[in-house]
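Read off the chains here:
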Amino acid sequence: AGAEAQLDAAMGILHDFPAPLVAWKTYSILGRLQAQLDREDAARAAFNEAASIIGYVADHIGDEQLRRIFLGSAAVQLVFSQGLA
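Remember, it's a predicted structure, so these values are computed and weren't measured experimentally. Counting restarts for each chain: residues are numbered from 1 in the order of the written sequence. pLDDT decides what is reported in this predicted model: residues at 70 or higher carry local features, side-chain atom pairs at 80 or more are listed and counted, and totals for whole chains, interfaces and linings draw on all residues regardless. Heavy atoms throughout the structure, all of them, feed into the side-chain values; hydrogens and water do not.

K.L.:
Just to check I follow, could you spell out the environment of F17 for this structure?
P.N.:
Within the secondary structure, F17 is located in the loop between α1 (2-16) and α2 (20-36). Residue F17 is classed as exposed on the basis of its relative accessible area, which comes to 60%. Taking the C-alpha atoms as reference points, F17 and A74, 57 residues apart in sequence, are found 26 Å from one another. By the criteria applied, helices consist of DSSP H or I runs no shorter than four residues and strands consist of E runs no shorter than two, each listed in order from the N terminus. Any residue under 20% of the maximum accessible area for its type is buried, any over 50% is exposed, and the rest in between are partly exposed; the area is computed with a 1.4 Å probe on protein chains only.

In structure tokens form, the structure reads like this:
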């Protein structure tokens, strides 16, 4: 319950002060928490939001090699493997 409250507070801050590099990671953490609580729909929604933000970030990386590194990272791949199902 404490972790969920902290993540909700973080989401409120991110809503007021967008920070995509922080937001996708926060949604990923929320997705993992929801999955641990057996809330599959909520987990999937959080991972899908993270994936959407990852796409935005990737679209704004001008260097193709850096974009590939980012999209191929373990943390990003975890998001992609957990969402969109």
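What follows continues from the structure just given.
K.L.:
Before we go on, may I ask you to explain the pattern of salt bridges in this structure?
P.N.:
Pairs can form between side chains of opposite charge whenever their charged atoms are close. We define a salt bridge as a side-chain nitrogen of Lys or Arg found within 4 Å of a carboxyl oxygen belonging to Asp or Glu. With the rule as written, the count across this model stands at four salt bridges. Note that R44 and D41 form a salt bridge whose closest N and O atoms lie 3.3 Å from each other. Here R44 and its partner D41 are both found in helix α3 (residues 40-59), three residues apart, which amounts to about one turn of the helix. Judged by its relative accessible area of 61%, D41 falls in the exposed class. Notably, a salt bridge pairs E64 with R67, separated by 2.9 Å at the nearest N-O pair. On the criterion of helical spacing, the pair formed by E64 and R67 is a turn pair, its members being three residues apart in helix α4 (residues 64-72). Exposure remark for R67: the relative accessible area of 19% places this residue in the buried category.

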